Amino acid sequence: MNPRLARLQAYPFERLAQLLADVSPAPGRTPIALTIGEPKHAPPAFVLEALRANLARVDAYPATAGLPELRAACARWLARRFDLGVDSVDPQRMVLPVNGTREALFAFAQSVVDGSGSRPPLVVMPNPCYQIYEGAALLAGAEPWYVPTLPEDRFLPDLERVPRETWERCELLYLCSPGNPTGAVMSTAYLAHALELAERYDFVIAADECYAELYFDDTRPPPSLLSAALATGRRGFERCMVFHSLSKRSSLPGLRSGFVAGDAALIAKFLLYRTYHGSAMSIPTQLASIAAWDDDAHAAANRQLYREKFARVLPILAPVLDAPMPEGGFYLWAATPGDDREFARGLYSAANVMVLPGSLLGRDGPDGNPGAGRVRISLVASIEACLDAAHRIRDFLKEPRS
Ligand SMILES: Cc1ncc(COP(=O)(O)O)c(C=O)c1O
């Protein structure tokens, strides 16, 4: 067997199940899971209709490069959403459909990392982060290098904390904005600085932007790595790859539809890799995806639903829990009074509400685990369930501790 498989860590949900295994949840209360990151709003009817209308097209193998019409729709959306200018992204050379960002974030490391040197290369990533980055690094024969995301750095990975020797061995940097679990957004200046480092030390940036449509301030939508590249004169998006998805934007997690865009040379190699990998998107999915990327109204309505949840949940929690409003995404990254695992166990026992302890998402570093003392609270459930859960959390925190 591939010995690298043994280095993969159990997924946080598996570890949470173990953590809660001996806890009996409060009887007589419906369980509420605020642990998962799976969007639950109704998918847009016109996208499902487009899918149904094209089902007969499963009679043909799809091309890995995708339909030119899909690549064009993705490029149009990028230009609209990030104000890139109409012809900035060449759909033929700079865009590739992927079956959701998860598989693409994983597979991209296989295509980028050159494991032929005498020492394993490094893949730098935030800590905590979406665990796929870590597995991608390990299975590509690289070593993960974690940059903590701390409150004093506004929960952004401080790239100045990374030593020069690390950058010299780095081949790939994963960034995530808006961040999971922190909700922190990277500014154009931050991203431009990351690009400077990428150029100086010769590495590639994989920017996971799958939460880019979930933000709260209409005057400041989160920028893309592509915006930063253009703002700094990098018209070929050199060393950049961005990852986008319909899962969060359109509440279509089961469609498995996303795309990558960026440096044409990276796209060409990734396409070659994917041709062998066999990860083409089915044609009905591609046609439904075109309808979704071309429509912004449903994405705005979806964003509004999350805004309402935050606006109603936060005032309930504010008196008892330090849960700052995130800049984007659908998570609260809340500080727990005491140990985060004990908090999760206590809340489950007292209120039958499940939250994800931050220490299960983070990794131990020289200064401890930056996820410790926090929990991730996901607001994907219905507004009623989110409000019910918020009240239960408040009551739990008001109860006198033994
Ligand atoms: C940070 C981040 N990236 C990527 C993904 C994968 O999303 P999808 O594969 O549905 O596009 C998720 C899903 O939860 C996520 O939280």
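Structure: see above.
Throughout what follows, the structure given in this document is the object of discussion. (Residues numbered from 1 in each chain as written. Predicted model: local features only at pLDDT ≥ 70, side-chain atom pairs only at ≥ 80, totals over all residues. Heavy atoms only, no water.)

Here we come to the overall build of the protein. When you go through the protein residue by residue, the secondary structure sums to 16 helices and twelve strands. Here the C-alpha atoms of the protein give a radius of gyration of 21 Å, agreeing with the 21 Å that 2.2 N^0.38 yields for 402 residues. Taking the principal axes of its C-alpha atoms as reference, the protein extends roughly 60 × 55 × 45 Å. Counting only carbon and sulfur atoms, one obtains 54% of the accessible surface of the protein, whose full area is about 16700 Å². (Helix = DSSP H or I, 4+ residues; strand = E, 2+ residues; numbered from the N terminus. Rg over C-alpha atoms; globule rule 2.2 N^0.38 Å. Areas by Shrake-Rupley, 256 points an atom, 1.4 Å probe, with all protein chains shown as cover.)

Here we take up the state of the cysteines. By the definition in use, this model includes zero disulfides. With no disulfide of its own, Cys 74 lies 15 Å from the sulfur of Cys 210, the closest cysteine sulfur. Since its relative accessible area comes to 2%, Cys 74 is described here as buried. In this structure Cys 210 is not part of a disulfide, and its nearest cysteine sulfur, from Cys 176, lies 5.9 Å away. (Disulfide = S-S within 2.5 Å. Buried < 20%, exposed > 50% of the residue type's maximum accessible area, 1.4 Å probe, protein only.)

With that settled, the discussion passes to the pairing of strand β4 (residues 143-148). Side-chain direction in a regular strand flips from residue to residue, so the side chains alternate between the two faces of the sheet. The pairing of strand β3 (residues 122-127) with β4 spans six bridges and is classified as parallel. Each residue of the ladder has a partner; that of Leu 122, found in β4, is Glu 143. Viewed along the sheet, the connection from β3 through helix α6 (residues 132-139) into β4 turns out right-handed. (Pairing = 2+ DSSP bridges. Right-handed = clockwise from strand over helix to strand, strands pointing away.)

So, about the nonpolar core. Membership of the largest hydrophobic core comes to 67 residues, with the highest contact counts inside it found for Leu 78, Trp 167, Phe 203 and Ile 205. Ignoring anything within four residues of it in the chain, the contact list for Ile 205 reads Leu 173, Leu 175, Ala 194, Leu 195, Ala 198, Leu 225, Arg 239, Cys 240 and Met 241. Core analysis: the next-biggest nonpolar cluster, separate from the first, contains 31 residues, Val 355, Ala 385, Ala 389 and Leu 397 among them. (Core = buried A, V, L, I, M, F, W, Y, C linked by side-chain atoms within 4.5 Å. Contact = heavy atoms within 4.5 Å.)

A few words on the sheet that holds strand β2 (residues 95-98). Spatial ordering of the open sheet is given by β2-β8-β7-β6-β5-β3-β4, a layout of seven strands whose pairing is mixed. The sheet is open, and its two edges are formed by β2 and β4, each paired on a single side. In this sheet, adjacent strand axes meet at a mean angle of 20° when their direction is disregarded. Bridge count between strand β7 (residues 240-245) and strand β8 (residues 258-262): five bridges; the pairing is antiparallel. Residue pairing in the sheet places Val 242 in a bridge with Ala 261 of β8. Taken strand by strand, helix α3 (residues 68-82) contacts β2, β7 and β8, and its axis lies near 105° from that of β2. (Axes fitted to C-alpha atoms, helices over the stretch in contact; angles between N-to-C directions.)

Attention now goes to the site of the ligand. Close contacts around the ligand come from 15 residues, with Thr 101, Asp 208, Ser 245, Ser 247 and Lys 248 the closest. A distance of 2.8 Å is found between an oxygen atom of the ligand and a side-chain nitrogen or oxygen belonging to Asn 180. Between an oxygen atom of the ligand and a side-chain N or O atom of Ser 247, the distance comes to 2.6 Å. Contributing elements (two or more residues each) for the shell around the ligand: α5 (101-112) and α10 (246-249). Counting residues per element, the shell around the ligand draws most heavily on α5, at three residues. Among the residues forming the shell around the ligand, the class breakdown is six nonpolar, five polar and four charged. (Near = heavy atom within 4 Å. Polar contact = N/O pair within 3.5 Å; in protein donor to acceptor, adjacent residues only side chain to side chain. Nonpolar A, V, L, I, M, F, W, Y, C, P; charged D, E, K, R; others polar.)

Moving on, we come to the packing of α3 against helix α12 (residues 283-293). Where α3 contacts α12, the axes come no closer than 9 Å and their chain directions differ by 20°. By the criterion of interaxial angle, the relationship of α3 to α12 is roughly parallel. In the packing of α3 onto α12, the handedness of the crossing is left-handed. Within the contact between the two elements, α3 uses Glu 69, Leu 70, Ala 73, Cys 74, Trp 77 and Arg 80 and α12 uses Gln 286, Ser 289, Ile 290 and Trp 293. The residue makeup of the contact of α3 with α12, split by class, is six nonpolar, two polar and two charged. (Parallel < 35°, antiparallel > 145°, perpendicular 65-115°, else oblique. Left-handed = near helix turned anticlockwise from the far one by under 90°.)

Right, let's talk about helix α11 (residues 264-277) for a bit. In this model, α11 (14 residues) spans 19 Å end to end at C-alpha, consistent with the 20 Å of a helix rising 1.5 Å per residue. Residues of α11 that are buried make contact with α4 (91-94), β2, α5, β6 (204-208), β7 and β8. For α11, the N-terminal cap is Asp 263; the gap from its side-chain oxygen to the backbone nitrogen of Ala 265 is 2.9 Å. Downstream of α11 by one or two residues, Gly 278 has phi in the positive range, about 75°. (Expected span 1.5 Å × (residues − 1).)

Right, let's get into the pattern of salt bridges. Under the definition given, this model contains 23 salt bridges. With a shortest N-O distance of 2.4 Å, Glu 38 and Lys 40 are connected by a salt bridge. When its relative accessible area of 46% is taken as the criterion, Lys 40 is described as partly exposed. With a closest N to O distance of 4.0 Å, Arg 345 and Glu 342 form a salt bridge. (Salt bridge = Lys/Arg side-chain N within 4 Å of Asp/Glu carboxyl O.)

Two quantities define a packed helix pair, namely the angle between the axes and the distance from one axis to the other. Contact pair α5 / α11: the axes reach a minimum separation of 10 Å and the direction vectors enclose 105°. Between α5 and α11, the angle falls in the class roughly perpendicular. Contacts between α5 and α11 involve Glu 103, Ala 104, Ala 107, Phe 108, Gln 110 and Ser 111 from the former and Leu 266, Lys 269, Phe 270, Tyr 273, Arg 274 and His 277 from the latter. For the contact of α5 with α11, a count of residues per class yields six nonpolar, three polar and three charged.

Omega for the bond connecting Asn 127 with Pro 128 falls within 30 degrees of zero, at 0°, which places this linkage in the cis form. Residues Ser 177 and Pro 178 are joined by a peptide bond in cis, for which omega reads -10°. Assignment of secondary structure puts Pro 178 in the loop between β5 (170-176) and α8 (188-201). Positioned with a positive phi, Phe 237 is a non-glycine residue whose angle comes to about 50°. Along the chain, Phe 237 turns up in the loop between α9 (225-231) and β7. Phe 237 gets classed as buried once you look at its relative accessible area, which sits at 0%.

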